Amino acid sequence: MKYYLIAGEASGDLHASHLMASLREQDPQAEFRFFGGDLMAAQGGTQVCHYRHLAYMGFLPVLFHLRTILRGLRQCQADILQWQPDVLVLVDYPGFNMKVARFVRKHTSIPIVYYISPKIWAWKEHRIRAIRRDVDLLLSILPFEVPYYRDKHHYTVQYVGNPTLDEVTAYTGDYPADFATFSRQNGLDDRPILALLAGSRKQEIQANLPRMVQAVIPLSSRYQLVVAAAPGIPDDQYAKWLNATPIRLLRNQTYPLLQQATAALVTSGTATLETALFRVPQVVCYYMRAGRLVTWGRRLFLKVPFISLVNLIADKEVVPELVADGMNLSNLTTHLDAILPGGTGRQDQLQGYEEVAQKLGQPGAPTRAAQSILNLIANRK
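Report on the accompanying structure. The numbers attached to residues start from 1 for each chain and follow its sequence in the written order. Owing to the predicted nature of the model, reporting of local features is limited to residues with pLDDT of at least 70; listing and counting of side-chain atom pairs is limited to 80 or more, with chain, interface and lining totals taken over all residues. The side-chain values count all of the structure's non-hydrogen atoms but skip hydrogen atoms and water molecules.

Looking at the packing of aromatic side chains
Each aromatic pair joins two rings of Phe, Tyr and Trp (for Trp, the six-membered one) with centres within 6.5 Å, and gets the label stacked for planes under 30 degrees apart, edge-to-face for over 60, and tilted for any other angle. Evaluated as defined, the whole model comprises 11 aromatic pairs. Geometrically, the ring pair formed by Y148 and Y149 is edge-to-face, given 5.3 Å between the ring centres and 85 degrees between the ring planes. Think of it in three bands: with a 1.4 Å probe and only protein chains considered, a residue is buried below 20% of the maximum accessible area for its type, exposed above 50%, and partly exposed in between. Here Y148 falls in the buried class, since its relative accessible area comes to 14%. Looking at Y149, the relative accessible area reads 0%, which means it is buried. An aromatic cluster is present here, built from Y171, Y175, Y255 and F278 joined pairwise through their rings. The residue whose ring lies beneath K2 is W83, and the NZ or CZ to ring-centre distance is 4.8 Å. To sit over a ring, a charge needs its Lys NZ or Arg CZ within 6 Å of the ring centre and within 35 degrees of the ring normal.

Quick look at the structure:
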């Protein structure tokens, strides 16, 4: 069968690549065509567009690149019509994907699956109308979404498990922790490591990394400071803040780095959950300009009390969240000190991670998602 997939950022590329692998296991004749990244390309098929050409966030960046985004949207829509897949699989990235879903629903009878559902429980709750109208099957990777959709919107969602749990479990099973080997291979020494994960987009890195660097530099005599480079972001985007510092940049080493890290500063996103599943105490960071205005607006428009997946899944504050004007040097320093060895918050955070893992359930999300997609196709024929 023919599968068309759309992922618009690094985490979506990762999750979609594992879904593609599971689809091929269950459908050896699977053909893939996709908007996505390098990991999806490694699974085979035809890459129509790399996500880096469309990965813009925030009002002004989207406005400045609107022509590029609209061109990519038209290209995607036309390509789906021409190829006529057996199913369209949308992976997160709702600003783009919901428009594709509307177009495909209006012009074709292709079944539409949404894997990693839009976060309407946080903002833009009105999207439930478009989901009802355009999406045939909504697959959730967050356990709290099932009662949210069921009880509030009377809409059926399938929880298939969390692919990040699969990915971390598979990695730790294949690569047992070995600090000495990791350090030797990356030119590091025997001091403990502080990891910096500053986001997957250029704008996130520009906003968060300078403040992270300020917070950790005073600890450079006791700890090795290491930044995990995001896929698709060139080294020169990091150099302006890392040059003339003892901070190292490692590429394609995020999981190995987290496996060895003592603590981490992490920009909100999938990385917060990855860090938790590696049992690394963290401070969640998300700086934005006009911080006081954003903090005020957050109370009005954001429908959930947390921004990190860790806290949302736990339904309580497990990790500290420094957002907007709260993401400043004083707060960073205070909260980082609390999660270092001997810190007052370290053990409580580690205990909270165990509760999060229990709520996520067992590995197997891509396999369950693939089976649900195949069942949908079979029932439509």
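On we go from here.
A short note on the sheet that holds strand 11 (residues 261-267)
In space, the six strands of this open sheet follow the order 10-9-8-11-12-13, with parallel pairing throughout. For this open sheet the edge positions go to strand 10 (248-251) and strand 13 (321-323), each flanked by a neighbour on one side alone. On average, adjacent strands in this sheet sit at an angle of 25 degrees to one another, irrespective of strand direction. Summarising the sheet, strand 8 (residues 193-197) and strand 11 pair through five bridges and their orientation is parallel. Across the sheet, residue A195 finds its bridge partner in strand 11, namely A264. Two residues qualify as a contact provided that any one of their heavy atoms is within 4.5 Å of a heavy atom in the partner residue. Axes, fitted as lines to C-alpha atoms, cover a helix only where it is in contact. Angles between the N-to-C directions of the axes lie from 0 to 180 degrees. What counts as a helix is a DSSP run of H or I of at least four residues, what counts as a strand is a run of E of at least two, and both are numbered from the N terminus. The sheet contacts of helix 13 (residues 270-277) involve strand 8, strand 11 and strand 12 (282-286), and relative to strand 11 the element is tilted by about 165 degrees. In this description, strands pair whenever DSSP reports at least two bridges between them.

Concerning the environment of P256
Relative to the helices and strands, P256 is located in helix 12 (residues 254-260). On the basis of relative accessible area, P256 is assigned to the buried category, the value being 16%. The sequence separation of P256 and P176 amounts to 80 residues, and the corresponding C-alpha distance is 9.8 Å.

A short note on the packing of helix 1 (residues 10-26) against helix 18 (residues 365-380)
Taken N-terminus to C-terminus, the directions of helix 1 and helix 18 make an angle of 60 degrees; their axes are 8 Å apart at the nearest point. Between helix 1 and helix 18, the crossing angle belongs to the class labelled oblique. For the pair helix 1 and helix 18, the crossing hand works out as right-handed. The segment helix 1 lies against helix 18, with H18, L19, S22, L23 and Q26 engaging P366, T367, A369, A370, Q371, I373 and L374. Of the residues assigned to the contact of helix 1 with helix 18, the class counts are seven nonpolar, five polar and no charged. Angle categories: roughly parallel below 35 degrees, roughly antiparallel above 145, roughly perpendicular from 65 to 115, and oblique for all the rest. Take the far helix as your reference; a near helix turned counterclockwise from it by less than a right angle gives a left-handed crossing, and one turned clockwise gives a right-handed crossing. When residues are sorted by character, Ala, Val, Leu, Ile, Met, Phe, Trp, Tyr, Cys and Pro go into the nonpolar class, Asp, Glu, Lys and Arg into the charged class, and all the rest, Gly among them, into the polar class.

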